[in-house]
Amino acid sequence: MDLGTISSRYARALFTLAKEKGEESRVYEDMKILKQSILLMPGLMVALGNPIVSTKDKEKLLIDAAGVNVSDLYRRFVNLILHHKREQCLPFITYIYIHLYRREKKITRILFSSAAPVNKATQQHLIDRLTQETGNTIEFTGEVKPELIGGFRLQMGNYRLDASYATRLKDIRERLLENK
């Protein structure tokens, strides 16, 4: 059985149990923090794969990696993963759980990049408009990228809108070079 299939089974089982207990949102938050920890600290997966690190230490690492106040269901899940030696599946399990949750709750993630910080009113207007257009809850992430010079980039799933000055200037440059 491959890593993807195993991870999918664990994630689906966790999601089903969390839904039955009404804790799917709480576990979702734990899994989002764990996912960030895995991305930001590559040493975490190295430590989890190290046979010298005790199961108790791995458990502490995984609980700390998911935030200050994790759910009891998350703690029990960590123990199950460690008991069955499935630590290496965790990046996939977190991704699949988050995907299942967002699909169930109709959450659309938006990444909005701009050259300068966006004020709260503009951000809220964008969220309201996208909520109206999609019928989904919008999970907004904004980032400042000065290299855009001006304008913005919006990414929503596979859809990407690039209205940045940097891209416009690049396009103008390429057209000028073509016409030489």
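For the structure, check the block above.
Structure report, in brief. (Residues numbered from 1 in each chain as written. Predicted model: local features only at pLDDT ≥ 70, side-chain atom pairs only at ≥ 80, totals over all residues. Heavy atoms only, no water.)

Thoughts on the pairing of strand β2 (residues 137-144)
Turning to step 1, where the next piece is worked out: Judged from the eight bridges that link them, strand β1 (residues 107-114) and β2 form a sheet pairing that is parallel. When the bridges of β2 are listed, I110 appears paired with F140.
Turning to step 2, where the next piece is worked out: Crossover connection from β1 via helix α7 (residues 120-134) to parallel β2: handedness right-handed. (Pairing = 2+ DSSP bridges. Helix = DSSP H or I, 4+ residues; strand = E, 2+ residues; numbered from the N terminus. Right-handed = clockwise from strand over helix to strand, strands pointing away.)

Some words on unusual backbone geometry
Turning to step 1, where the next piece is worked out: One non-glycine residue, K85, lies in the positive phi region at around 55°.
Turning to step 2, where the next piece is worked out: Among the structural elements, K85 can be located in the loop between α5 (72-83) and α6 (90-105).
Turning to step 3, where the next piece is worked out: Overall, K85 belongs to the exposed group, its relative accessible area being 64%.
Turning to step 4, where the next piece is worked out: Within the chain, I149 stands out as a residue other than glycine whose phi angle is a positive 70°. (Buried < 20%, exposed > 50% of the residue type's maximum accessible area, 1.4 Å probe, protein only.)

Comments concerning the layout of surface pockets
Turning to step 1, where the next piece is worked out: There is about 430 Å³ of room inside the largest pocket.
Turning to step 2, where the next piece is worked out: Lining of the largest pocket is provided by 15 residues; of these, Y95, H99, R102, R109 and G157 occupy positions nearest its centre.
Turning to step 3, where the next piece is worked out: Tallied by class, the residues present in the lining of the largest pocket amount to six nonpolar, five polar and four charged.
Turning to step 4, where the next piece is worked out: Taken as a whole, the second largest pocket encloses approximately 200 Å³ of empty space.
Turning to step 5, where the next piece is worked out: Looking at the second largest pocket, the residues that line it are K32, K35, Q36, I98, R102, R109, E139 and T141.
Turning to step 6, where the next piece is worked out: Of all elements in the fold, only α2 (24-40), α6 and β2 reach the threshold of two or more residues within the lining of the second largest pocket.
Turning to step 7, where the next piece is worked out: Considering each element in turn, the lining of the second largest pocket owes the most residues, three residues, to α2. (1 Å grid on protein atoms, 1.4 Å probe; cavity = no way out; pocket = protein on both sides within 12 Å on 5 of 7 lines; lining within 4 Å. Points joined across faces, edges and corners; volume = space filled by probe spheres on them. Nonpolar A, V, L, I, M, F, W, Y, C, P; charged D, E, K, R; others polar.)

Section: the pattern of salt bridges
Two side chains that carry opposite charge are able to pair once their charged atoms sit near each other.
Turning to step 1, where the next piece is worked out: Inspection of every chain in the model, using the stated rule, returns 14 salt bridges.
Turning to step 2, where the next piece is worked out: Where R76 meets D72, a salt bridge forms, and the shortest distance between an N and an O atom there is 3.5 Å. Residue R76 and its partner D72 are both found in helix α5; the two are separated by four residues, about one turn of the helix.
Turning to step 3, where the next piece is worked out: Residue classification places R76 among the partly exposed positions, given a relative accessible area of 41%.
Turning to step 4, where the next piece is worked out: Its salt-bridge partner being D162, residue R153 comes within 2.9 Å of it at the nearest N-O pair. (Salt bridge = Lys/Arg side-chain N within 4 Å of Asp/Glu carboxyl O.)

Things to note about the packing of aromatic side chains
Turning to step 1, where the next piece is worked out: Within the structure shown, the criterion is met by five aromatic pairs.
Turning to step 2, where the next piece is worked out: Measuring from centroid to centroid gives 5.4 Å for F15 and Y97, while their planes differ by 75°, and the two rings are edge-to-face. With F15 in helix α1 (residues 3-21) and Y97 in helix α6, the pair connects residues that are 82 residues apart, well separated along the chain.
Turning to step 3, where the next piece is worked out: Residue Y97 is classed as buried on the basis of its relative accessible area, which comes to 0%.
Turning to step 4, where the next piece is worked out: Relative to Y101, the ring of Y28 lies with its centre 3.9 Å away and its plane at 15°, an arrangement referred to as stacked. Placement of the pair is Y28 in helix α2 and Y101 in helix α6, with a sequence separation of 73 residues. Comparing Y28 with Y101, the two get one shared label, buried.
Turning to step 5, where the next piece is worked out: Clustering of aromatic rings is evident, with ring pairs tying together F112, F140 and F152. (Phe/Tyr/Trp six-rings, centres within 6.5 Å; stacked < 30°, edge-to-face > 60°.)

The analysis is restricted to geometry; functional conclusions fall outside its scope.
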